[in-house]
There are 2 protein chains.
Amino acid sequence: MPELDFDIITLGHGSGGLLTNRLLDQTIFKLLHNETLDTRHDGAILEANGKLAFSTDSFVISPIFYPGGNIGELAVNGTVNDVAMCGAIPKHISLGLILEEGLPVAELWEVLLGIKAACEKAGVHVVTGDTKVVERGKGDKVFINTTGIGEMHPKAAISAENIKVGDKIVVNSQIATHGMAIMAKRHDITFDDPIESDSCNLNHTIITLIEEFGEQIHLLRDPTRGGLAATLNEIARDIDSGITIQQTKIPVDTRVDNVCEMLGLDPLYVANEGVFAAFIDASIADSFVAKLKTLEYGSEAVIIGEVVEAHPGKVVLHSAIGGKRVVNMAVGEQLPRIC
Amino acid sequence: MPELDFDIITLGHGSGGLLTNRLLDQTIFKLLHNETLDTRHDGAILEANGKLAFSTDSFVISPIFYPGGNIGELAVNGTVNDVAMCGAIPKHISLGLILEEGLPVAELWEVLLGIKAACEKAGVHVVTGDTKVVERGKGDKVFINTTGIGEMHPKAAISAENIKVGDKIVVNSQIATHGMAIMAKRHDITFDDPIESDSCNLNHTIITLIEEFGEQIHLLRDPTRGGLAATLNEIARDIDSGITIQQTKIPVDTRVDNVCEMLGLDPLYVANEGVFAAFIDASIADSFVAKLKTLEYGSEAVIIGEVVEAHPGKVVLHSAIGGKRVVNMAVGEQLPRIC
């Protein structure tokens, strides 16, 4: 970090006056500059033609630094992925920071480096933003809102309405990794080889799949908060069919599985940040998985289940020992502030 | 408020599971529903052609209820106005809520009613959103991020680059009203006729002005945090000219002026939420003011100053008693969490 005029965030940095301008000049505008952001107007002017995807997320994860990432790169990847799940190419994001008085500027700098790296990797630009400061004890270090705009891929036809009985459900990667990386850190559970968050940008992989399989991809969703269980339940509610999943097919890292067991958690309910579930036409299932295995973040790709006529609105798990059980949405909160 | 399943926000309402879905179904989706929001996807799909304005703001105002408004309507108007200041017609907004555990749901409901009313008045829709919950003492009731998209008006040519020496500076309304409404409430300063926030949507008025005066309007800015002083200083920095303003012309409500004096504050530095400053070609100045006086929120319209060749980068006030002084940006924070 370069030498700055200040090493702690104060309320004055949220005043809209000289200190705010100094903070922005020495950190955000310095690190994230691009032609649009540099205009420093109240808003960014963009050129767009056709269909856009528009998605927002606030990130309140605690701690803000953890194995495999920090709240900054999480905030970029989270919104990039939400835009990608619409079938769109993420282009522009806004950055809303709520800082707590007393935050060391060195920590803000680290977070901004995470934002910068994630933007470069995903190919998006921060084009507009806002920074507020709240008093000590009225926030928690840093909260970040990112809102993204993407251009819909012309071949994308992503909608729960396109799902039909027989569709296969594919995931790209091991589940529950992000949530367990955070929980292991919170509970001081250590490994020689620590669990790292799977936070990543899925957009390049998604667009390659849409290029190749187009409207045969019926729905894409990234199961973050509430885990795969919440996502599949929401989809089952929205379609008039049931969903079955095979426990033995669902990929989970062994260390993740162990920590889940220690903490009494079911991986199906744990947050992911680098996982997507694709509902695809059965006719392309094998070639979709084969292709996905060759792509970034896709090496663990596997069919985990399908859409069935039975038990509409419900998700049923076929267990490793041959039983069946309904997978409900979790009622309350087992992992607060996981994203 | 209808009977809900719960009367207090808990961490479970941020879980992404059943409680989150119940909260959203019974509050946000119920009050703010529209065709796009109803799809409940991770993002909204929009149609757009041409130039767009894109702007974000997080609102952390305390208290969340005050004379003349609440944080909900402020959050909508603030972003609507930022989009309008770009010369665009605001269309879509995203809504990111960060709720503190323990928030009475009745308060959330009031805030959402403010959001609903402000959206209807401004003609925008909440098309996508996100709701998080943080533990008691890690937030403060409600923080709101809104991010807006607007369609650029074809006649708009709003840019600091268009400002030239001789341009007149017009404001539409009395300044410092929002900030002093909040400060009077915080300091329990009472009036028979209390000062109410001037928070309002300026978009309809702005668009009418752009329709009529087109590229003769060189720049539009709404002086929120940091007040008129910060905004004029930012503009003076961006152009290679100076700005002069006439103290006797700057409209301030008498009660607002009195509270400012009691608290030792200069109205030039106090936040506004219903004020804009327009930099316009001198040739249209009189007809611009005459027109603005006939429009919503424009009855106090007045020329307060102009762009001059002298003192480039500086704002100079000609005082009521005939003196001159440089108006700098405030260094620190006199009014934390005013928006």
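### Observations concerning the pattern of salt bridges
Residue and element names in this part refer to chain A.
- Taken as a whole, this structure holds 37 salt bridges over all chains when the rule is applied.
- Close ionic contact of R337 with D140 constitutes a salt bridge, the shortest N to O distance being 3.0 Å. Of this pair, R337 sits in the segment after β13 (324-326) while D140 is found in the loop between β5 (125-134) and β6 (142-152), placing the two residues 197 residues apart along the sequence. The same class applies to R337 and to D140, which are both buried.
- Note that K164 is salt-bridged to D281, the shortest N-O span being 2.3 Å. Of the two residues, K164 sits in the loop between β6 and β7 (168-171) while D281 sits in the loop between β10 (277-280) and α9 (285-293), which places them 117 residues apart along the sequence.

### Overview of the pairing of strand β5 (residues 125-134) of chain B
All names here are of chain B.
- When you tally the buried positions in β5, you get eight out of 10 residues, the bulk of the element.
- Both strand β4 (residues 88-100) and β5 contribute to a ladder of nine bridges, which runs parallel. Looking at β5, one finds that G96 is bridged to D130.
- The parallel pair β4 and β5, bridged by helix α4 (residues 105-122), forms a crossover whose chirality is right-handed.

### Some details on the relation of the copies chain B and chain A
- Relative to chain A, chain B is turned by 180° and slid 0.0 Å along the rotation axis, the superposed coordinates differing by an RMSD of 0.0 Å. The superposition operator between the copies reduces to a two-fold rotation axis.
- Take the interface residues of chain B: 100% of them recur as interface residues in chain A, which is what a same-surface contact looks like.

### Quick look at the interface of chain B and chain A
- Listed per partner, the contact involves 74 residues of chain B and 74 residues of chain A.
- Of the roughly 6000 Å² buried where chain B meets chain A, counting both sides, 56% is carbon and sulfur surface.
- Ranking the residues of chain B by area buried against chain A places B:D42, B:F54 and B:R225 at the top, with a combined share of 13%.
- Across the contact surface, chain B and chain A share eight salt bridges.
- Of the charged contacts, one joins A:R337 and B:E135 as a salt bridge, the two residues approaching to 2.8 Å between their closest N and O atoms.
- Counting the contacts that link chain B with chain A gives 35 residue pairs in polar contact (both at pLDDT 80 or more).

The rules we used
Residues numbered from 1 in each chain as written. Chains lettered and ligands numbered in written order. Predicted model: local features only at pLDDT ≥ 70, side-chain atom pairs only at ≥ 80, totals over all residues. Heavy atoms only, no water. Salt bridge = Lys/Arg side-chain N within 4 Å of Asp/Glu carboxyl O. Helix = DSSP H or I, 4+ residues; strand = E, 2+ residues; numbered from the N terminus. Buried < 20%, exposed > 50% of the residue type's maximum accessible area, 1.4 Å probe, protein only. Pairing = 2+ DSSP bridges. Right-handed = clockwise from strand over helix to strand, strands pointing away. Least-squares fit on C-alpha atoms with pLDDT ≥ 70 in both. Contact = heavy atoms within 4.5 Å. Buried area = accessible area lost by both parts, 1.4 Å probe. Polar contact = N/O pair within 3.5 Å; in protein donor to acceptor, adjacent residues only side chain to side chain.

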